Amino acid sequence: MHQPSQHSHRTLYCAAAAFLLIIVALAWPFVRRYYIQRAFIADVKDFGGMVVMEPGGPAWLRDRLPGDLALCVDTPRVVHLENSPVDDAWLANLREHPTIEHLGLAATDITDAGAAHVHDMPHLRVLWLSGTNITDAGLSALDGFPELVLLYVDSTRVTESGIAAARERLPQTDIQW
């Protein structure tokens, strides 16, 4: 009777370990995204807000994913946090979600410091800052948004000259003041 050698066992263990490492490496981006998306949605809901997700991935995959695992392929597009206690520090979380197109921050504690976090959202099309503590300085942080078409800054500390300067820098944007 033939006894397997220790060498063949070691080869088998190494192959299994290599296979497992490959599986983990391939799955890691999806697992990471799932937990980031889930935590983000929970945070927004805790603030009394809402997130609208765009379904991602092929339909056959989405149909087979159990529970909320579709979050690993979905994309956040709309976030409403109006009248919530969200502040500048929390807005740093938005850097993980550059795909957001509509962001509602009206009547929050956002200041000019928070506007800097919004700058990392290249697809932003609509931004509600009404009733915040944004000033001309915070408004200038919104430069470089080629897709921004609508900006609400009524009931803020933005001045007429700040609006004029913003309209020059953002000619494609309808600024409601």
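Residues numbered from 1 in each chain as written. Predicted model: local features only at pLDDT ≥ 70, side-chain atom pairs only at ≥ 80, totals over all residues. Heavy atoms only, no water.

## What about the pattern of salt bridges?
Okay, so step 1: Tallied over the full model, the rule gives six salt bridges.
Okay, so step 2: The closest approach of N and O atoms between Asp120 and Arg95, which form a salt bridge, is 2.6 Å. Remark: Arg95 occurs in the loop between β2 (75-80) and β3 (102-104) and Asp120 occurs in the loop between α3 (112-118) and β4 (126-128); sequence separation between them is 25 residues.
Okay, so step 3: You can call Arg95 partly exposed: its relative accessible area is 44%.
Okay, so step 4: Beyond isolated ion pairs, a larger network of salt bridges with shared partners links Glu54, Arg77 and Glu101. (Salt bridge = Lys/Arg side-chain N within 4 Å of Asp/Glu carboxyl O. Helix = DSSP H or I, 4+ residues; strand = E, 2+ residues; numbered from the N terminus. Buried < 20%, exposed > 50% of the residue type's maximum accessible area, 1.4 Å probe, protein only.)

## Observations regarding the environment of Ala165
Okay, so step 1: When you line up the elements, Ala165 lands in helix α5 (residues 160-169).
Okay, so step 2: Looking at Ala165, the relative accessible area reads 28%, which means it is partly exposed.
Okay, so step 3: With 98 residues separating them along the chain, Ala165 and Gly67 place their C-alpha atoms 48 Å apart.

## Topic: the packing of aromatic side chains
Okay, so step 1: Counted by the stated rule, this structure contains four aromatic pairs.
Okay, so step 2: Ring plane angle 80° and centroid distance 4.9 Å describe the contact between Tyr34 and Tyr35, whose orientation is recorded as edge-to-face.
Okay, so step 3: Residue class for Tyr34 comes out buried when judged on its relative accessible area of 9%.
Okay, so step 4: Each ring, one from Phe40 and one from Trp90, has its centre 5.9 Å from the other, and the planes form 15°; the classification is stacked. Of this pair, Phe40 sits in helix α1 (residues 6-46) while Trp90 is found in the loop between β2 and β3, placing the two residues 50 residues apart along the sequence.
Okay, so step 5: Accessibility expressed as a relative area gives 9% for Trp90, which makes it buried.
Okay, so step 6: One aromatic cluster is present, formed by Phe40, Phe47 and Trp90 through successive ring pairs. (Phe/Tyr/Trp six-rings, centres within 6.5 Å; stacked < 30°, edge-to-face > 60°.)

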